[in-house]
Amino acid sequence: MGIEEYGGGQQAADVLVVTTNDVPGFHVTRVIGEVFGLTVRSRHLGSQIGAGLKSMIGGELRGLTKTLVETRNQAMERLVEQARSRGANAVLMFRFDVTEAADVGTEVCAYGTAVVLSPAS
């Protein structure tokens, strides 16, 4: 499994997503409001058994890592879709929130503030 399978980040070029409060060289012309992308993923039996065995000897739980990366990417894609559909071209103050969902899976929420940015004059 290559390192590219463990990465994430922005894929859409038309909606900028940043963790900062502003973007150098741009100013906010309109604040649209909070947007989020949410997904809940259950773990499959094979990865649960593998994770249990691996936890006895130590080391990275690669199957679970890959699942979490895929889950975070899906949540981010949903965030971008929501921002785009509301007329935003950027999401500021982007964050992830990850919690256990009733012991059956992992809930990942990507959230931020949808805005319209314009180049600074």
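Here, the structure is the one placed above.
Rules behind the numbers
- Residues numbered from 1 in each chain as written.
- Predicted model: local features only at pLDDT ≥ 70, side-chain atom pairs only at ≥ 80, totals over all residues.
- Heavy atoms only, no water.
- Salt bridge = Lys/Arg side-chain N within 4 Å of Asp/Glu carboxyl O.
- Helix = DSSP H or I, 4+ residues; strand = E, 2+ residues; numbered from the N terminus.
- Buried < 20%, exposed > 50% of the residue type's maximum accessible area, 1.4 Å probe, protein only.
- Patch = residues over 30% accessible without salt bridge, like charges linked within 9 Å, V, L, I, M, F, W, Y side chains within 5 Å.
- Areas by Shrake-Rupley, 256 points an atom, 1.4 Å probe, with all protein chains shown as cover.
- Expected span 1.5 Å × (residues − 1).
- Contact = heavy atoms within 4.5 Å.
- Pairing = 2+ DSSP bridges.
- Axes fitted to C-alpha atoms, helices over the stretch in contact; angles between N-to-C directions.

Undergrad: Please explain the pattern of salt bridges as it appears in this structure.
TA: A complete count under the given rule lists two salt bridges for this structure. As a salt-bridge pair, Arg-84 and Asp-14 come within 2.7 Å of each other at their nearest N and O atoms. Of the two residues, Arg-84 is situated in helix H2 (residues 62-85) and Asp-14 in the segment before strand S1 (16-17); the sequence distance between them amounts to 70 residues. Residue class for Arg-84 comes out partly exposed when judged on its relative accessible area of 36%. For Glu-70, the salt bridge is made with Arg-41, and the minimal N-O distance between the two is 4.0 Å. Of the two residues, Glu-70 sits in helix H2 while Arg-41 sits in strand S2 (residues 26-42), which places them 29 residues apart along the sequence.

Undergrad: Would you mind showing me how to read a nonpolar patch on the surface here?
TA: There is a patch of nonpolar side chains on the surface, built from Phe-36, Leu-38 and Tyr-111 and spanning about 250 Å² of accessible area. Locating Leu-38 in the fold gives a position in strand S2.

Undergrad: I'm lost on H2 in this one. Help?
TA: Every α-helix winds through 3.6 residues per turn, so residues three or four apart in the chain are directed the same way. With 24 residues, H2 ought to run about 34 Å at 1.5 Å a step, and its terminal C-alpha atoms sit 35 Å apart, in line with that. Among the residues of H2, Val-69, Thr-71, Ala-75, Met-76, Leu-79, Val-80 and Ala-83 are the ones counted as buried. Summarising the contacts, the buried residues of H2 are in contact with S1, S2, strand S3 (90-101) and strand S4 (105-119).

Undergrad: How should unusual backbone geometry be read in this particular structure?
TA: Note: most residues except glycine have negative phi, and most peptide bonds are trans. In this model, Met-93 sits at a positive phi of 55°, which is unusual for a non-glycine residue. Looking at the element boundaries, Met-93 is found in strand S3.

Undergrad: I tried to follow the sheet that holds S3 on my own but got confused; where do I start?
TA: What holds strands together in a sheet is hydrogen bonding between their backbones, with the strands either parallel or antiparallel. Pairing is mixed across the open sheet formed by four strands, whose spatial order is S1-S3-S4-S2. Of all the strands in the sheet, just S1 and S2 have a single pairing partner and so form its edges. Of the pairings in the sheet, the one linking S2 to S4 comprises 15 bridges and is antiparallel in character. Of the residues in S4, the one forming a bridge with Val-35 is Gly-112. Contacts from H2 reach S1, S2, S3 and S4, with the element oriented near 140° to S2.

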